Amino acid sequence: MPRGMPATRLDATETEPQVVSAVSQPIAERSPVDEGRETPLIELRGVEKSYRTGTVEYRALRGVDLTIEAGEMVAVVGPSGSGKSTVLNMITGIDRPTAGTVTVDGRRIDQMTEEELAVWRGARVGVVFQFFQLLPTLTALENAMLPLDFSRAVPRRERPEVARRNLELVGLADRAGNLPFELSGGQQQRVAIARALAADPPLLVGDEPTGNLDSGTAVEMFDLLERLNARGSTVLYVTHDRDLAARARRTITIRDGLVED
Amino acid sequence: MTAAVRKSIRDLTRRKARTFFTILTLALAVASVGVLAVPALMAESMEREVAANRLPDVTVTMAPLVLSPADLAALRGLPNVADVEPRALLVTRVWSGERRERAVVVGVPDFGRQSVDVVSIDSGVAPGAGEVLTDRNNASRKSFDVAAGGVARVIGSDGQARRLRVSGVGRNLTNGESDLSNDWITLYASARTVAELAGRPGVTSLNLRLRDDSRAAAERTVAAVRDELRARTAFTAYDDLPTIQEPGSYPGKDGFESLASLFGIITLLALVSALVLVSNTMTTLIGEQTGEIASMKAIGARRRDIRRLYLRTALILGVVGAIVGVALGIALANFVVGYFASLFFGIDAGVSVSVPVVILSLLLGIAGPPLAALPAIRRATRLPLSEALSATGSAVGGQGRLDAALRRLDRIPRSAQIGLRSLGRRKRRNLATVLQVAIAVATLLGLLSIGTGVGETTRQWFDDNDYAVWVQSVQSRPFGAEAEAVSRAAEGVDEVQSWLQNRVRVEGRDAEAWGLPAQPLMDTRIREGRWHTRADVAGAERVAVLGPTLARVTGKGIGDDVVVVTGNGPSTFRVVGITDNQTDNGGALFLPLTALQEALGAPGAVNNQWITTTSDDHDAIDRVTTRVEDALAASGEQVGTLVTYDLREKQVAANGQITTSITILGMLIVAISMVALVNTITMSVLERTREIGMLRSVGARARDVRRIFATEGFAVAVTGWLVGVPLGYGLARALGWAVGQTVGIDVAFVFPIAYVGLALAGTVALALLVMLAPLRRAVRLRPGDALRMG
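Nothing here was measured: the structure is a model prediction, and the numbers come from that model.

## Concerning a positive patch on the surface
All names here are of chain B.
- A cluster of basic side chains, namely Arg-303, Arg-304, Arg-307, Arg-308, Arg-378 and Arg-382, defines a positive patch on the protein surface.
- Among the secondary structure elements, those contributing two or more residues to the positive patch are α11 (303–345) and α12 (355–382).
- Per element, the largest residue contribution to the positive patch is four residues, and it comes from α11.
- If you trace the backbone, Arg-378 turns up in helix α12.

This is the structure:
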């Protein structure tokens, strides 16, 4: 465990995951990424995805092969309808492939049940949505600690502290008690990022994370993602913005459901 | 088909679950209106039955009188007499298993040529010599299950049992109709067989159909028949006041119409509940389309274009809902009519339709949804375009005082907190659902209360009686002078109290007059004034005690005079007391025995005995009853007996049947409330589909998602119960008052705490059951599919 993460057991039948070490360390104290990892963090082999609506079948992915190493910052780009978001959904387990294999952090997530996926995501993946998807009846602090409430990886009394630190990281420590409707779009997206960081996951995924923000806020948000990558998180994001895509160390282009060479 | 019409149809088919629930709700609302047809359909069935039976307009009774064909022809020739049918009734007993049950054998001169009060043959053949027909209700309600081909052991007036073959099954509206307190076994035989059983020939009643059935004409005809009989036979006087049927009436009509008025209350509650649900659903439907409405406005649609579009959608819903609802309503009304026709009258009501109610139902169903949608359409079309088009990704919610209060509940699991806080996100819809659950809980509590109250009142009436056996003479004819001594001499008899019962008219209203001693074997329950004294009885004082209903309808009070019309003419009595006694539904008149005898011109006449026994054991009471019956029969008296403990059990059971039937109807309201709850949770799941996807993406397990929505559902259900309890108390009071006003009984008010707990248990259990499907839907959603929806 190079990065001091809580070693949660991912068996969905467990009611109380076993916590090896609590996520109570300040972000700055975490160990740097292990660049000597032998296997990639993410590996897709021959992944296909078809959607059927009525009698129409639409092939979103036609056999995608790609690997992403731990600690990378990768932008997924491509024209509208190319399958970019679908690739992200395959990696997070939000969608299942109709063919092929998806391996993330050593686990074949295409073989996991929905319950196993939910538990796994709560512990290992932070997802940031384009439209924030905050719960309107929870405060910023409560939204930020939601994954911890579901995973129970951290004792109850420690969860607010973890969430508060993440809010501080995204610059919203003073808005912890505000409801989403009291926050701007940019602030809501920061809360969403804080939520994604709750369990200190090794992988951060964003589907157009800045798509609903003005350019200035988008730049600030991207700076934050870069800082998170610098401290060791693998960051993967879909974007239409060429400038933002250019800031990634690596770009994967998807066109017509395939990875473009 | 235009694009607009296609959109309307697609809007409905896009959300199949929501459309289904809306149509179901509307159909239930329309069906509840169908219950309003019940009185009219029942009247229609009864009119057919009355016409088939040729129900008499007037019935007069007398001591056994031999009438020749010429006598009958002379009676038929009287002015205003359309037809006359004689009957010979014998009140006796019949063996049913090891018990002797009260029975009446109706003697029909000629089964093939009946002109009035027809005895129909359902199966088998008309009885010949030594044969009887068994009434169709004997087996189902009176445990007399001797079928056609079997043998009925009927006890004659000489006390000997005769074996009479049962030739078939018959029915008759007047004698066999099941007024629920009538537990006499009814048999039909030839007049000759009855004469043999009675030990004497002669008719005991004449059934008349009149050309002019108005009251005045009927009374003139009664007098004319009396004069004709006096002129031609040994007849002197009628035994009792003639029964004059009100035009359009039928036996048991008053009781049924009183019950039907309670249906009206339930129908109203069901309608209110359903309309709230329809309104709520239309508001949700329109509210969901706010973005689309904004898009249409942005590309040039005017308010009236948008209004027309959604009114069309509502109209489509209305038409489908109305058609389904009308069909359901017809089925429901016919089911209720069929059930009560069988229960009350032992008849098969058939199937019929009330056109006015169908038209009303259709109008309500078609017009309801568009009208219900208007406020929501108005709000949606007036929303500023920018506001409607903006998408924040976080739905609105959490801003009110309720939300602030719910945020304080932070000790419970997060998923439960999310569920509870969701209550504030659709306040109007949740409030409407709370209201519907409350109406259902209130209805159940009100019906349980009234049912228990009716049972309590019934038990109280019987508890007021100090006698074990009530002996009645046949058709109110006076006992002989030795009757009391005969009864007193029977083994096991402790005390015998003789009294006189007669039908009279008081201030133009039919009433039971009881001539009683100063200390009757019953609780007099004097509410105002006093009971009559020994001195009143000794002096045959013209004083009267009124039952509560009689006092109310006549407006008479202490010190007032009442005119009492008997077969012997009018007499004036002074009111000295008002009682709470519920005899004759509170409409009885209690007089000193001697005063009633004097008013009837029948000094010393008594036709009832109350008997107390030396033992309270039921078997002992049965034996005493048998001995008294045999002894009186041997002395020439024709009597029937009522055993208090047995009658009490049967009456309580009969009341239970009625209250159960009303409660079943009340289930309609419970069904609507449960539909509302399913609707609310389903809508909640549908609206928050994307949110469910997000929750699953951040680690929520199936149980977390289930707990979120289950908490919301249970909170709505339990809040509805909380509101429903005080409403139910109020409704119980109102129903008690309504029953008192319509039926004339002062129903005891009971509202046990146990029922409140029962209502909570029922609400929670039903909520759990109806939420299963939407909860299953919520947890089965795949995150990817969920995030793409919404």
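## What to know about helix α3 (residues 38–53) of chain B
Residue and element names in this part refer to chain B.
- The end-to-end C-alpha distance of α3, which contains 16 residues, comes to 22 Å, matching closely the 22 Å that a straight helix rising 1.5 Å per residue would cover.
- Of all the residues in α3, the buried ones are Val-38, Leu-41, Met-42, Ala-43, Ser-45, Met-46, Glu-49, Val-50 and Asn-53.
- Count one or two residues on from α3 and you reach Arg-54, which has phi positive near 50 degrees.

## Some details on the interface of chain B and chain A
- The partner chain A presents 41 residues to the 38 residues of chain B that form the contact.
- Contact between chain B and chain A buries roughly 3400 Å² in total, counting both sides, with carbon and sulfur atoms accounting for 54%.
- Area buried by chain B at its contact with chain A is led by Arg-414, Val-698 and Arg-701 of chain B, which between them contribute 21% of it.
- Taken together, the connections running from chain B to chain A amount to six salt bridges.
- For Arg-414 of chain B, the salt bridge identified is with Glu-142 of chain A, shortest N-O distance 3.6 Å.
- The tally of links from chain B across to chain A stands at ten residue pairs in polar contact (both at pLDDT 80 or more).
- At the level of elements, α15 (414–421), α23 (689–697), α24 (702–742) and α26 (783–788) of chain B are the ones that each hand at least two residues to the side of chain B that touches chain A.
- Sort the elements by how many residues they give to the side of chain B that touches chain A and α23 of chain B lands first, with six residues.
- Broken down by class, the residue content of the side of chain B that touches chain A amounts to twelve nonpolar, ten polar and 16 charged.

## Some details on unusual backbone geometry
Residue and element names in this part refer to chain A.
- A positive phi angle is found at Arg-152, which is not glycine, with a value near 55 degrees.
- Among the structural elements, Arg-152 can be located in the loop between α4 (146–151) and α5 (159–169).
- A positive phi is found at Glu-208, a non-glycine position, where the angle reads about 50 degrees.
- Inspection of the secondary structure assignment puts Glu-208 in the loop between β7 (203–207) and α7 (215–230).

## Thoughts on the environment of Arg-411 of chain B
- In this fold, Arg-411 of chain B is placed in the loop between α14 (401–407) and α15.
- Residue contacts for Arg-411 of chain B: discarding those within four places in its chain leaves Arg-156 of chain A together with Gln-417 of chain B.

## Regarding the domain arrangement of chain B
- What the domain assignment lists for chain B is domain 1 (1–49 + 255–393), domain 2 (56–244), domain 3 (400–464 + 653–790) and domain 4 (478–637).
- A straight line from the C-alpha centre of domain 1 of chain B to that of domain 4 of chain B covers 56 Å.

## Focus: the sheet that holds strand β4 (residues 99–104) of chain A
Residues and elements named next belong to chain A.
- Ordered in space as β2-β1-β4-β5, the four strands form an open sheet in which the pairing is antiparallel. Strands with a single pairing partner mark the edges of an open sheet, and in this sheet they are β2 (56–68) and β5 (107–108).
- Sheet topology places strand β1 (residues 42–53) next to β2; ten bridges connect them, and they run antiparallel. Counterpart to Tyr-51 in the pairing with β2 is Tyr-58.
- Docked against the sheet, helix α1 (residues 84–92) engages β1, β2 and β4, running at close to 115 degrees with respect to β1.

## Let's talk about the packing of aromatic side chains
Residues and elements named next belong to chain B.
- If you walk through the whole model with that rule in mind, you get 16 aromatic pairs over all chains.
- Their ring planes at 45 degrees and their centres at 4.6 Å tell us that Trp-499 and Trp-514 sit as a pair that is tilted. Placement of the pair is Trp-499 in strand β12 (residues 493–506) and Trp-514 in strand β13 (residues 509–516), with a sequence separation of 15 residues.
- Trp-499 gets classed as buried once you look at its relative accessible area, which sits at 0%.
- Given the relative accessible area of 3%, Trp-514 is considered buried.
- Taken together, a centroid distance of 5.3 Å and an interplanar angle of 80 degrees make the contact between Tyr-729 and Phe-749 edge-to-face. Taken together, the residues Tyr-729 in helix α24 and Phe-749 in the loop between α24 and α25 (753–780) connect sequence positions 20 residues apart.
- By the ring-pair criterion, three or more aromatic residues cluster together here, those being Tyr-467, Trp-470, Trp-499, Trp-514, Trp-531, Phe-590 and Trp-610.
- Cation over ring: Arg-733 sits above Phe-749, and NZ or CZ is 3.8 Å from the ring centre.

The rules behind these values
Residues numbered from 1 in each chain as written. Chains lettered and ligands numbered in written order. Predicted model: local features only at pLDDT ≥ 70, side-chain atom pairs only at ≥ 80, totals over all residues. Heavy atoms only, no water. Patch = residues over 30% accessible without salt bridge, like charges linked within 9 Å, V, L, I, M, F, W, Y side chains within 5 Å. Areas by Shrake-Rupley, 256 points an atom, 1.4 Å probe, with all protein chains shown as cover. Salt bridge = Lys/Arg side-chain N within 4 Å of Asp/Glu carboxyl O. Lys, Arg positive; Asp, Glu negative; His and termini not counted. Charge placed at Lys NZ, Arg CZ, Asp CG, Glu CD. Helix = DSSP H or I, 4+ residues; strand = E, 2+ residues; numbered from the N terminus. Expected span 1.5 Å × (residues − 1). Buried < 20%, exposed > 50% of the residue type's maximum accessible area, 1.4 Å probe, protein only. Contact = heavy atoms within 4.5 Å. Buried area = accessible area lost by both parts, 1.4 Å probe. Polar contact = N/O pair within 3.5 Å; in protein donor to acceptor, adjacent residues only side chain to side chain. Nonpolar A, V, L, I, M, F, W, Y, C, P; charged D, E, K, R; others polar. Domains from an automatic or database assignment. Pairing = 2+ DSSP bridges. Axes fitted to C-alpha atoms, helices over the stretch in contact; angles between N-to-C directions. Phe/Tyr/Trp six-rings, centres within 6.5 Å; stacked < 30°, edge-to-face > 60°. Lys NZ or Arg CZ within 6 Å of the ring centre and 35° of its normal.

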